[in-house]
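Analysis of the macromolecular model
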Amino acid sequence: MNAILQDVPQATTPSESTIYIQDGNALFHELTNLAPTFGGICLQILDIMVARKNFIFSTDSYFPNSIKAQERVRRGCSRKFIVDGPATRRPADFKEFLSNDDNKTQLCNLILRVWGSESAASRLDRCGTAVVVVGGRAYQLKKTNGDVSYNNVKLYTTVYINCNVTY
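Anyway, here's the lowdown on the structure attached to this text. (Residues numbered from 1 in each chain as written. Predicted model: local features only at pLDDT ≥ 70, side-chain atom pairs only at ≥ 80, totals over all residues. Heavy atoms only, no water.)

This part is about a nonpolar patch on the surface. On the surface, a nonpolar cluster with roughly 460 Å² of combined accessible area is contributed by Met 1, Ile 4, Leu 5 and Val 8. Its place among the elements puts Ile 4 in helix 1 (residues 2-5). (Patch = residues over 30% accessible without salt bridge, like charges linked within 9 Å, V, L, I, M, F, W, Y side chains within 5 Å. Areas by Shrake-Rupley, 256 points an atom, 1.4 Å probe, with all protein chains shown as cover. Salt bridge = Lys/Arg side-chain N within 4 Å of Asp/Glu carboxyl O. Helix = DSSP H or I, 4+ residues; strand = E, 2+ residues; numbered from the N terminus.)

Aromatic rings in a pair are described by how distant their centres are and how their planes are angled relative to each other. A full pass over the atoms with the stated rule returns 8 aromatic pairs. Aromatic rings pair up to connect Phe 28, Phe 55, Phe 57 and Trp 115 into one cluster. (Phe/Tyr/Trp six-rings, centres within 6.5 Å; stacked < 30°, edge-to-face > 60°.)

With that settled, the discussion passes to the sheet that holds strand 5 (residues 147-153). On the basis of which strands lie adjacent, the open sheet formed by 5 strands has the order 1-2-3-4-5 and mixed pairing. Of all strands in the sheet, those bounded by a partner on one side alone are strand 1 (20-23) and strand 5. Sheet twist, expressed as the average angle between the axes of neighbouring strands with direction ignored, equals 25°. Bridge count between strand 1 and strand 2 (residues 55-58): 4 bridges; the pairing is parallel. By the bridge assignment, Tyr 20 is partnered in strand 2 with Phe 55. Along the sheet, helix 3 (residues 38-50) contacts strand 1 and strand 2; its crossing angle with strand 2, the most-contacted strand, is approximately 145°. (Pairing = 2+ DSSP bridges. Axes fitted to C-alpha atoms, helices over the stretch in contact; angles between N-to-C directions. Contact = heavy atoms within 4.5 Å.)

Turning next to the nonpolar core. If you look at the biggest cluster of nonpolar residues, it comprises 37 residues, and the most contacted ones within it are Ile 45, Phe 57 and Trp 115. Going through the elements one at a time, helix 2 (24-30), helix 3, strand 2, helix 5 (94-97), helix 6 (101-115), helix 7 (118-124), strand 3 (130-134) and strand 4 (137-144) are the ones with two or more residues in this core. The greatest single-element share of this core, amounting to 8 residues, is contributed by helix 3. When neighbours within four sequence positions are excluded, Trp 115 is seen to be in contact with Cys 42, Ile 45, Leu 46, Met 49, Phe 55, Phe 57, Ala 120, Leu 124, Val 132, Leu 141 and Val 148. (Core = buried A, V, L, I, M, F, W, Y, C linked by side-chain atoms within 4.5 Å. Buried < 20%, exposed > 50% of the residue type's maximum accessible area, 1.4 Å probe, protein only.)

Bringing the pairing of strand 2 into the picture now. As paired strands, strand 2 and strand 3 are joined by 4 bridges and run parallel to one another. The residue of strand 3 that forms the bridge with Ile 56 is Val 131.

And the structure:
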């Protein structure tokens, strides 16, 4: 890694126009000191995101017969847990909960509900652009007159990679 990065200039501090793209599923596995309810976990994740000012929080899509799904089945999965709403208490073993695709789908859908609710409104005051991608669809969250709304948006992504490799 040091050899690859030796000619790369030091990164500058992100500007106000920087937008952070977060792999939501990776963040699920990094969470510590979890809230006791799923609604609390959703707000905990939102607090992490609004600290970045502008963000896109993207989660995986789950297709039953995909290669990725087959790999998950091979690794094994936990039982399906019913997430009935924000007040549902999280299981003691959250990592095990995350090993089931249905569980993660429920959590992703709940994130959209909670982040679009009144309880998220004051948190969204602290950020600029807030986009959440759930089930392959992107929603921009906006706070207007104390209420949060989310509208389906199209994301167009252009990635520029500049690599100078010397052998």
